[in-house]
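As a plain string of letters, each chain reads:
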Amino acid sequence: MMHLEEITAAVSLGQAGDRETARRQLSGLWDSVDDPQTRCAIAHYLADVQDETSDELAWDLRALEVVEDTAWLPSLHLNLADDYRRLAQPLEAEGHLQLARKHLHLLPTDGYGELIRSAVDHVAEALAAGNTDRLPSNPSS
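Residues numbered from 1 in each chain as written. Predicted model: local features only at pLDDT ≥ 70, side-chain atom pairs only at ≥ 80, totals over all residues. Heavy atoms only, no water.

**Overview of the environment of D31**
- Structurally, D31 is set in helix α2 (residues 19–32).
- In this structure D31 comes out as exposed when scored by relative accessible area, which is 66%.
- On a C-alpha basis, the gap between D31 and E65 in space is 16 Å, while along the polypeptide they are 34 residues apart. (Helix = DSSP H or I, 4+ residues; strand = E, 2+ residues; numbered from the N terminus. Buried < 20%, exposed > 50% of the residue type's maximum accessible area, 1.4 Å probe, protein only.)

Take a look at the structure:
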């Protein structure tokens, strides 16, 4: 993947609380990169540093539009399900949860795979309860 170090540095800034700088750096990369795999990663991480759920949804949709590596699908659909759940759009949320579950077999049986599988369960529970709050496990929290 191209620009991995720059993406990682911007993601670290966002995780440390400097979301504005992370957004600016990732947006600059988005504008300068044509590689679909890199654009998918950038959009995926740009979603995590948005302040508004509607903006997060827009970036998650962009990531899904350019995805080429099917291993990203469980996480992308999970994020979209959570976005729609928080926007009180349960039918869309449920549809993306089903797609996330359909692709869980693509995940490794490691910590990352278990993290995504667990998050699918948490989003499904929150959706069933009618909870539209941001979950503590959400990367944009």
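**A few points about the packing of aromatic side chains**
- Summed over the entire model, instances satisfying the criterion amount to one aromatic pair.
- For the ring pair W30 and W59, a centre distance of 5.1 Å and an interplane angle of 90° mean the geometry is edge-to-face. Of this pair, W30 sits in helix α2 while W59 sits in helix α4 (residues 53–66), placing them 29 residues apart in sequence. Of the two residues, W30 and W59, both sit in the buried class.
- One cation-aromatic arrangement involves R39 over W30; the distance from NZ or CZ to the ring centre is 3.6 Å. (Phe/Tyr/Trp six-rings, centres within 6.5 Å; stacked < 30°, edge-to-face > 60°. Lys NZ or Arg CZ within 6 Å of the ring centre and 35° of its normal.)

**Notes on the packing of α2 against helix α3 (residues 36–48)**
- Running from amino to carboxyl end, α2 crosses α3 at an angle of 160°, the nearest separation of the two axes being 10 Å. In terms of axis orientation, α2 runs roughly antiparallel to α3. Crossing handedness for the pair α2 and α3: left-handed. In contact with R19, R23, L26, S27, L29 and W30 of α2, α3 contributes R39, I42, A43, Y45, L46 and D48. (Axes fitted to C-alpha atoms, helices over the stretch in contact; angles between N-to-C directions. Parallel < 35°, antiparallel > 145°, perpendicular 65-115°, else oblique. Left-handed = near helix turned anticlockwise from the far one by under 90°. Contact = heavy atoms within 4.5 Å.)

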